[in-house]
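Chain by chain, the residues:
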Amino acid sequence: MGKFRGWHIVAGIAAMLFAGFIGSAMGLNNTATFMASGVAFVAVSLWVDSRMSRRRRAVRGSGPDAGQDAGIALDADASKREG
């Protein structure tokens, strides 16, 4: 089956449920609770996705100089380019 790559969605849904419960407990109307839940879903899922991507990049060993390992020239000197 492979590694599960949807943890950002799971975390977003959990944040959405949590925000829904908190919004209801605070006495917000349904529209405000729904909007807060949607904002929480997007914010948490994007944050978790960026943290997971950052961790994957660190594990793979690709840092700021990864372009040099792949043979991509990062030099901005125009005299070295073919033209």
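Here's what I pulled together on the structure shown here. Starting from 1, residues in each chain are numbered consecutively following that chain's sequence as written. The predicted origin of the model limits local features to residues at a pLDDT of at least 70 and limits the giving and counting of side-chain atom pairs to 80 or more, whereas totals for whole chains, interfaces and linings rest on all residues. Each side-chain value is worked out from all heavy atoms of the structure, with water and hydrogens disregarded.

Helix and strand assignments come from DSSP, with helices taken as H or I runs of at least 4 residues and strands as E runs of at least 2, each series counted from the N terminus. Within the protein, the secondary structure is distributed over three helices and zero strands. From first element to last, N terminus to C terminus, the protein shows the α and β order α-α-α. Burial classes: relative accessible area under 20% of the type maximum marks a residue as buried, over 50% as exposed, and values in between as partly exposed (1.4 Å probe, protein chains only). Taken over 83 residues, the protein has a buried fraction of 16%. Sequence-distant contacts, at least 24 apart, represent 60% of the contacts inside the protein between residues at least 6 apart. Note that accessible areas follow from Shrake-Rupley with a 1.4 Å probe, and for residues the cover is restricted to the protein chains shown. Here the protein has roughly 6,900 Å² of accessible surface; of this, 63% comes from carbon and sulfur atoms. In this analysis, two residues are considered to be in contact whenever any of their non-hydrogen atoms come within 4.5 Å of each other.

Patch membership is restricted to residues that have no salt bridge and whose relative accessible area is over 30%. Joining uses 9 Å for like charges and 5 Å for the nonpolar side chains Val, Leu, Ile, Met, Phe, Trp and Tyr. Between Lys or Arg on one side and Asp or Glu on the other, a salt bridge is scored when a side-chain nitrogen of the former is within 4 Å of a carboxyl oxygen of the latter. On the surface, a cluster of nonpolar side chains totalling about 400 Å² of accessible area is made up of Ile9, Ile13, Leu17 and Phe21. Note that Leu17 resides in helix α1 (residues 7–26). Under the relative-accessibility criterion, Leu17 is labelled exposed at 51%.

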